[in-house]
Amino acid sequence: MSITLKPIDETNREAVLALSVRDDQPFVASNKRSLEQYEETEKEAPGVARPFAICADGRLVGFCMFAVDPEDDDEDDRYFLWRFMIDKKEQGKGYGQAALQEIIRYFRALGADRLLLSTEPENERGLHVYHKAGFREIGIIDGDEAVLRLWLKKKSKKEQDKVLWYGVNVKERLRIREKKGYGVSIALTGEELETYCAGSGRFGQDFPVNPDMLFQAGSVSKPMFALTLLRYVDKGIIDLDADISGVVSEFVKGPVTFSALLSHTAGFNLHGFPGYRADAPQLTLEDVLAGRGNTPKLCRIRPYGKQYSYSGGGITLAELAFTRITGSTLREAFQKEVAGPLGLTRTGYFQPLDEELAGNAAFGGRLAEKEDPAHGYHYYPEHAAAGLWTTPTELTKIGLALSKSWREGGLLKKETARRMLTPVMNNYGLCIHNFRGDIGYHDGWNEGFLTTWMFSLREDLCVAVMFNRSMEELDWKQSYIAIELFQMLEEELAEDVPKTGWKSFCGKYEQLIPDFRLDEVFMEDGDLYARIIGEDGAYTSRLYPIGKKTFGRKGGFAKIVFGKNCLTVDGITCKKL
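Remember, it's a predicted structure, so these values are computed and weren't measured experimentally.

## Some points on the overall build of the chain
Thinking step 1. Looking only at helices and strands, the chain has 17 helices and 25 strands in total.
Thinking step 2. Here the C-alpha radius of gyration of the chain, 27 Å, is about what a compact globule of 577 residues would show, namely 25 Å.
Thinking step 3. C-alpha extents for the chain along the principal axes are approximately 90 × 65 × 45 Å.
Thinking step 4. Sorting the 577 residues of the chain into buried and exposed places 54% on the buried side.

What follows is the structure, encoded as structure tokens:
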């Protein structure tokens, strides 16, 4: 059998258009659409898209198209098998594998060290063909398609395992070494949804993380509770500023409001909760607040309304008041008011976790080894404070819904979303941080689980990272991964911002901001940088555009707005010297 690849031209174009796959193979775009995309790409980037007819012994049997861009900054985007199909009448004759080998020779001749492709995870027949040729999944879901990679040159195991997602080596950062170690699941949504999964969802088991795998969200449970409660505010059933002390009189003396409880300004104790073995006897909210579990009794330790003091106990008190006022459990209310309207099927206050959901749920850390081999996670009766199970993908859907509500109204009325996301104290609104004035943020830590969730209030952009290992060092590393991915996508969405006039921003500035002493702005290799004086000395950060005269700072939440001979950060204006 002799396989040849012939460029598409007028002599074979119509014959290629006549090719098709079987009706039970819906995963391949039509050749008509592929050639349209070739023409579109040729106008934007000549020579990148390369379509070919696949011929066996001189006879047309299939079609393929490549994307070739050796200068792309991302090495995994340089050589891509964009389309591949064998006509339905020619399948089962060995042409698929033979054609793939010819395609591989083509890319080797170009000097490529790797070849990538993508297909739907449900494309079992296609995956079998690609696996047989040596392609392997790298953990990324781009849109709805799993990305696979084949190494064309010999690499060390460390190099073969290396995956840079938007320039970030997630596995290395989080020390994900083995397929039976720990695991991470990430979703980011900008112009489309993309997911990344690596490692095992259950330490010590070959249990690969997948985008639908459930993780505990820790304190990210709190903003989901607030969102649920605010749906009842919009209906006029709950008043954020009404005194609810009479509803929970056995646990509080003196006035208290939902607003104070959700903003952590009510002065209560109980920062967080350790949870219980999954098979432990179930507790009521009253049991928790009365100290009949593994945490002290709820009590006020700070002056009411005078300062920010993070309190899971206060959120649990708010949950109890909510259930008494609405007559509904939080699980029921969240399903009705949030999960249902947003089409969420993998998110809820599942405490304890339903057995039918446990089959695709991550275990936290090494809890299965230490406590219960069948249930490697804790049970949290404090649902609003720590009881949410979810996936990164569904967290991004909630983030986008809140962002839309902030901008124009939607799941929440616009004014209600603004109330939720407007800081009361310490950049914290109603169960959510507002950083930079345009970023919603919360993170979470349950026993064996870490979560970071952030979204833009200016545009459709959200990132969620969930990890089944909890320790302080990895907590900040995970958070930094989320920030880095968010900022990369934010910069991409602002790529049309012109650089004209940036030189006028350069120079030294007054240092009027105690926690952000910006000393000097300068340009280097076409990019804008800031020299900042910190506690440990001076350091440099790249500034990236998010508007014509508005910039974010790489690695931090500062937003810098340049004016005529001045700049403004957090409402403080510093003059150029």
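## Structural notes on the packing of aromatic side chains
Thinking step 1. Evaluation of the coordinates by the stated rule reveals 31 aromatic pairs.
Thinking step 2. Ring geometry for Phe 225 against Phe 322: centres 5.8 Å apart, planes inclined by 90 degrees, an arrangement best described as edge-to-face. Of this pair, Phe 225 sits in helix H7 (residues 221-234) while Phe 322 is found in helix H10 (residues 312-326), placing the two residues 97 residues apart along the sequence.
Thinking step 3. Here Trp 502 and Phe 551 contribute two aromatic rings whose centre-to-centre distance is 5.2 Å and whose plane-to-plane angle is 70 degrees, an arrangement assigned as edge-to-face.

## Overview of the nonpolar core
Thinking step 1. Grouped together as the largest cluster of nonpolar side chains are 82 residues, with contacts concentrated most on Phe 225, Leu 262 and Trp 453.
Thinking step 2. Residue contributions to this core peak at seven residues, all from H7.
Thinking step 3. Within the second largest apolar cluster, 36 residues are counted, among which are Leu 116, Val 170, Leu 174 and Phe 486.

## Observations concerning the packing of H7 against helix H11 (residues 330-342)
Thinking step 1. With their axes 9 Å apart at the nearest point, H7 and H11 run at an angle of 80 degrees to one another. By the angle class used here, H7 and H11 are roughly perpendicular. Listed contacts from H11 to Met 224, Phe 225, Leu 227, Thr 228, Arg 231 and Tyr 232 of H7 are Leu 330, Ala 333, Phe 334, Glu 337, Val 338 and Pro 341.

## A short note on the sheet that holds strand E23 (residues 559-563)
Thinking step 1. Pairing is antiparallel in the open sheet, where eight strands are placed in the order E18-E19-E20-E21-E22-E23-E24-E25. Each edge of the open sheet carries a strand with a single partner, namely strand E18 (507-508) and strand E25 (572-575).
Thinking step 2. Relative to strand E24 (residues 566-569), E23 runs antiparallel, the two being bridged by four bridges. Within E24, the position partnered with Ile 560 by the bridge is Val 569.
Thinking step 3. In the packing of helix H17 (residues 472-493) onto the sheet, contacts are made with strand E21 (537-545) and strand E22 (550-553), and the angle to E21 comes to roughly 45 degrees.

## Looking at the pairing of strand E9 (residues 193-199)
Thinking step 1. Of all seven residues making up E9, five are buried, and the element is well covered by its neighbours.
Thinking step 2. Of the strand pairs in this sheet, strand E6 (residues 136-142) and E9 are connected by three bridges, and their pairing is antiparallel. Bridge pairing links Ile 140 to Tyr 196 in E9.
Thinking step 3. In terms of strand pairing, strand E8 (residues 183-189) meets E9 through seven bridges, oriented antiparallel. Bridge assignment links Thr 189 to a residue of E9, and that residue is Leu 193.
Thinking step 4. If you look at the hairpin formed by E8 and E9, you'll find three residues sitting between the two strands.

## As for unusual backbone geometry
Thinking step 1. Across the junction of Gln 351 and Pro 352, the peptide omega takes the value -5 degrees, indicating a cis bond.
Thinking step 2. Note on placement: Pro 352 falls in the loop between H11 and helix H12 (355-358).
Thinking step 3. Here the phi dihedral of Asn 427 falls at roughly 60 degrees; this positive angle occurs in a residue that is not glycine.
Thinking step 4. Looking at Asn 427, the relative accessible area reads 40%, which means it is partly exposed.

About the criteria used
Residues numbered from 1 in each chain as written. Predicted model: local features only at pLDDT ≥ 70, side-chain atom pairs only at ≥ 80, totals over all residues. Heavy atoms only, no water. Helix = DSSP H or I, 4+ residues; strand = E, 2+ residues; numbered from the N terminus. Rg over C-alpha atoms; globule rule 2.2 N^0.38 Å. Buried < 20%, exposed > 50% of the residue type's maximum accessible area, 1.4 Å probe, protein only. Phe/Tyr/Trp six-rings, centres within 6.5 Å; stacked < 30°, edge-to-face > 60°. Core = buried A, V, L, I, M, F, W, Y, C linked by side-chain atoms within 4.5 Å. Axes fitted to C-alpha atoms, helices over the stretch in contact; angles between N-to-C directions. Parallel < 35°, antiparallel > 145°, perpendicular 65-115°, else oblique. Contact = heavy atoms within 4.5 Å. Pairing = 2+ DSSP bridges.

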